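# Architecture at a glance
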Amino acid sequence: MTRFWLIKFLRTVLTLWLVVTFTFIVLRTSGDPVVALLGGDAMPDEIEQFRQQWGLDQPLFVQYLQYVAQMATGQFGDSLRDHRPVIDIIFERVPATLSLGLAAYLMAALIGIPAGILAALRRGSFIDRAIMAFAVFGFALPNFFLGILMILFFSLILQVLPSSGTGTIWHFIMPAITLGTFTAGTLARFTRSAMLEVLEKPYMRAAAAKGVPAIKRILFHALPNAAIPIVTIIGLNLGQLIAGAIVVETVFAWPGVGRLLVTAVSQRDLALVQGLVLVIATTMVLANLIVDLTYGLLDPRIRKGA
Amino acid sequence: MITRRTFGKYSLGAGLYALASPTTRAFAQNRPTITVAVDNLWANINTINGISTTTRRFFPNIYSHLVERDYIGDKEGLILKPGLATEWTQNGKVWTLKLREGVKFHNGETMTAEDVAFTLGPERLWGEKPFEPRGKTFTAGFVRVEAIDDLTLEIETEREDPHIPGKLTGYIGFVVPKKHYLDVGVDAFGQAPIGTGPYRVTTFRSGEVLEMEAFDDYWEGPPPAEKVIWKIVPEFAGRMAGLVSGEFDFIANIPTDQEAQLASYDNVTLARALAGNYPAFAFNTRPDPEDNPLVDVNLRKGMVQAIDMDSIVQALFGDTTFHPAVPFNFPEYGKFYDPDMKNPLPYDPAAARALIEKSRYKGETLRWHITRSFYPNYEAAAEIMVEMWRQVGVNVQAVILDNFQLVYTRPYHMMNMSMSTDFIPGDPYQPLWLDWGPTSSRATAHWKTWDPTPEYLAAGKVFEEATDFESRRAAYLKLSQAWQDVTPGYYLWKSVYNWAHRSDIEFVPRPDGEMRMFGDYMAL
């Protein structure tokens, strides 16, 4: 078991190092950030002074070594734009993204999983078709389009929900629905197919023959056995949640990590982009670790295999 | 239980209390919060390092100018009036400024001539390694800035400069507190600035929000709003919905094709101002790339004559703006402006074809680098122009790029740009000389697109030294002609700033884009 976790840990460190190095090289070799940061009419003197101040006049490998040395001490550098520590800027934004992601995930799970179960139980019926139609709609509709439609309908026409920003529970509704719709649709489809497979297993027929009530059969016999693919989808969708947040946070002016990334990339704020990529990569790696761990908890055979 | 008698007693008491309270306090308690939804803020709020269209919107709410342009008394803003400086007099190369007494900075310190000398001085703007190096552009010719006493300042220039008061109406005229600036450093100052304006900054997160609160010791008296919040809402649908539903009081930067929709709401008023700025494109007149056909002036002039810009402007903007037919003959230049000046290169496809045939152009594709969504309607206009050039046999490819850094990456034959006109009120110095002259980025940067000709440089020297109007006007015409002989660029239209706000707010838009939440420019 210790060896299993050691390998996982080393693989995680290697992945993060590759991500950091790749991001560093791509950002530095894809052009000079100074013009993007200072604006089109910056004077040559100003550009030179800025380059010296931030060490951008150094050879690439010197910049890389400085960056790695800095990271080894737990520092991610200062933002070229805000002149503040990158880590402070990122962690100011993390709560907003986490709260929105949590709300969207809860909504997706509370709608997607029961809808998938219901569709499986009513296979071939009108309810099944209606749920699947909504599921397809959910993951086929681009979230920026859904977001703008919702703003126009609920904020502009009905004037019942705030169009942007944070502050109250009402501010969560439209961004969470926009962000969670894709995941809800995906979860509904996967839950349905996983449940259909489980419902046809002999142990389900045996439970029915023994007179176990339907609700117990579904919750305690079918659902745990269908959980592995559902957990996999939830894990995979964590990445989608962050990618989706980039769009949703921009549409709804939500002050989260996604919007910060968009701004940092468009302004070529190198240190901030590197820090954000590292945080996002860490999130993904941790999510995968948690999924692996959950597999073990759900299925003793995997635990023993490990 | 409240009886009629106790109610009367309490009411009387409340009335007496209100009468006894300081008026400013009662006023302050009743003031509203104003929320402005904007498309962007900027990385810092330094008066020079932070120069941009987006910062100009809110700068005068934080900082005050030494000298003010009066857009209420004159729509072109050619009348100057006192700001932090109450008098200014010239004696040869030396200007003497008398400063307003008792002006407070947001940290409670009193403004002195030392602060103003530092604001305009070499340490901050034009020395060897200044804190805000872009200041060199605006202080060309400064040799001495000195505090004579607490309220008197002298500015000495290398030659007589009649335009110093006009220059102080721009970015360099915003005064900063010397001690605080030096204590915290330029970067920290740009994140939490202190000025003498009607509002003080309380929160600034550059990618999200700027919050400011009323500064009741402001030298013109308490401002009308308790707080002003500038909030980034990148998506226009969000800004529009927020204004219509009452979440926001103002929104800025409205796409032209959405103006009519916004104006259709009863609770919304649309405001526009013709800006002191012209989107344009530059021809790359240099042999870089080596086979650049645009080194031939006949091709450049032919391409200009192939553009029916009046029709393009009418199609894209209606009657809200116009195309300046003759470069640098702009209406904001007052006495310099000649509405009857003849256009030497009017729209004429036959003349365009003749000029192009005379050139060495062989049908090569010309790359036109354009920054995505930077100027309203620029890409749409470019599409039409590309088609117009195709009609006369010139093959142009509009290459839309994400940022200026990509636009400045060679090879290119043309690139987008814009030029401001308001550095010196009523004088064409900025677009004609500062922006194209020998020290301009257009002539010196690694992405430069032209080398000023000897004729242009000679005319520019005369223009720089001319002080009285007649000689300056003659020099301006000669310099403009030297530029037109080369035709290194083409001005498209006068930019339009637009805003929308709650109908019950009175707001006076300004051509410099400033959104003044105080004084004669806003009433709640």
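Residues numbered from 1 in each chain as written. Chains lettered and ligands numbered in written order. Predicted model: local features only at pLDDT ≥ 70, side-chain atom pairs only at ≥ 80, totals over all residues. Heavy atoms only, no water.

## Some details on the sheet that holds strand S12 (residues 268-274) of chain B
All names here are of chain B. Judged by pairing direction, the sheet is mixed, and its 7 strands sit side by side in the order S8-S9-S10-S1-S11-S18-S12 without closing on themselves. Each having just a single partner strand, strand S8 (199-205) and S12 make up the two edges of the open sheet. Recorded for the sheet is a direction-independent mean angle of 20° between the axes of neighbouring strands. Inspection of the sheet shows strand S11 (residues 250-252) paired to strand S18 (residues 496-502) by 3 bridges, in the antiparallel sense. Paired with Ile251 across the two strands is Ala500, which belongs to S18. Most of the contacts of helix H3 (residues 53-62) go to strand S9 (residues 209-214), to which it runs at about 20°, and overall it touches strand S1 (33-38), S8, S9, strand S10 (227-232), S11 and S18. (Pairing = 2+ DSSP bridges. Helix = DSSP H or I, 4+ residues; strand = E, 2+ residues; numbered from the N terminus. Axes fitted to C-alpha atoms, helices over the stretch in contact; angles between N-to-C directions. Contact = heavy atoms within 4.5 Å.)

## Things to note about the confidence of the model for chain B
Should the pLDDT be low somewhere, the predicted coordinates at that spot are not to be read in detail. All names here are of chain B. Mean pLDDT over chain B works out to 91, with 94% of the residues at or above the 70 mark. Within the model, the stretch residues 1-27 combines pLDDT values under 50 with 7 contacts to residues more than four positions away or in other chains. Confidence metrics for the complex model read pTM 0.83 and ipTM 0.79. (pLDDT = per-residue confidence, 0-100.)

## A short note on the domain arrangement of chain B
Residue and element names in this part refer to chain B. Along its sequence, chain B is carved into domain 1 (33-226 + 498-523) and domain 2 (279-494). For domain 1 versus domain 2, the separation of C-alpha centres amounts to 31 Å. Taken together, the 16 residues of domain 1 in the interface contact 14 residues of domain 2. Across the domain 1/domain 2 interface, buried area totals approximately 1,300 Å², and carbon plus sulfur atoms make up 64% of it. Seen at the junction of domain 1 and domain 2, the total is 1 salt bridge. Counting every contact that joins domain 1 to domain 2 gives 2 residue pairs in polar contact (both at pLDDT 80 or more). For the side of domain 1 that touches domain 2, the per-class residue count stands at 4 nonpolar, 5 polar and 7 charged. (Domains from an automatic or database assignment. Buried area = accessible area lost by both parts, 1.4 Å probe. Salt bridge = Lys/Arg side-chain N within 4 Å of Asp/Glu carboxyl O. Polar contact = N/O pair within 3.5 Å; in protein donor to acceptor, adjacent residues only side chain to side chain. Nonpolar A, V, L, I, M, F, W, Y, C, P; charged D, E, K, R; others polar.)

## Comments concerning the side chain of Asn298(B)
Within the secondary structure, Asn298(B) is located in helix H12 (residues 297-305). The residues contacting Asn298(B), other than those within four sequence positions of it, are Leu355(B), Ile356(B), Lys358(B) and Ser359(B).

## Let's talk about the nonpolar core
Leu66(B), Trp230(B), Phe281(B), Trp368(B) and Trp389(B) are the most contacted members of the largest nonpolar core, which has 173 residues in total. The leading source of residues in this core is helix H12 (residues 270-298) of chain A, at 9 residues. Both domains that meet at this core, namely domain 1 (33-226 + 498-523) and domain 2 (279-494) of chain B, each give it at least three residues. Sequence-distant contacts of Trp389(B), defined by excluding residues within four places in its chain, comprise Phe281(B), Met303(B), Ala306(B), Ile307(B), Trp368(B), Val394(B), Val396(B) and Met414(B). By size, the runner-up hydrophobic cluster in this structure holds 31 residues, among which are Ala104(A), Met150(A), Phe252(A) and Ala253(A). (Core = buried A, V, L, I, M, F, W, Y, C linked by side-chain atoms within 4.5 Å. Buried < 20%, exposed > 50% of the residue type's maximum accessible area, 1.4 Å probe, protein only.)

## Some words on the UniProt feature "domain: Solute-binding protein family" (unreviewed entry) in chain B
When the UniProt feature table is mapped onto this chain, "domain: Solute-binding protein family" (unreviewed entry) is found at residues 80-436 of chain B. Helix makes up 28% of residues 80-436 of chain B and strand 24%. Its end C-alpha atoms lie 27 Å apart. (UniProt positions renumbered as here; feature names shortened; annotations may be inferred.)

## Let's talk about the side chain of Thr181(A)
Residue and element names in this part refer to chain A. Inspection of the secondary structure assignment puts Thr181 in helix H8 (residues 170-199). At 2.4 Å, the side chain of Thr181 forms a polar contact with the backbone oxygen of Ile177. With residues near it in sequence (within four places) discarded, Thr181 still touches Met107, Gly138 and Leu146.

## With respect to the pairing of strand S4 (residues 85-91) of chain B
Here S4(B) pairs with strand S5 (residues 94-99) of chain B via 6 bridges, running antiparallel. Of the residues in S5(B), the one forming a bridge with Glu87(B) is Lys98(B).

## Details of a nonpolar patch on the surface
Residues and elements named next belong to chain A. Judged by side-chain polarity, Leu6, Phe9, Leu10 and Val13 come together as a nonpolar surface patch covering roughly 400 Å² of accessible area. Positionally, Val13 belongs in helix H1 (residues 2-29). By relative accessible area, Val13 is classed as partly exposed at 41%. (Patch = residues over 30% accessible without salt bridge, like charges linked within 9 Å, V, L, I, M, F, W, Y side chains within 5 Å. Areas by Shrake-Rupley, 256 points an atom, 1.4 Å probe, with all protein chains shown as cover.)

## A look at the pattern of salt bridges
Where charged atoms from two side chains of opposite charge come close, those side chains can pair. Residue and element names in this part refer to chain B. Within the structure shown, the criterion is met by 37 salt bridges over all chains. Its salt-bridge partner being Arg31, residue Asp216 comes within 2.9 Å of it at the nearest N-O pair. Placement of the pair is Asp216 in the loop between S9 and S10 and Arg31 in the loop between helix H2 (23-30) and S1, with a sequence separation of 185 residues. On the basis of relative accessible area, Arg31 is assigned to the buried category, the value being 7%. In this structure, Arg31 engages Glu226 in a salt bridge whose closest nitrogen and oxygen atoms are separated by 3.1 Å.

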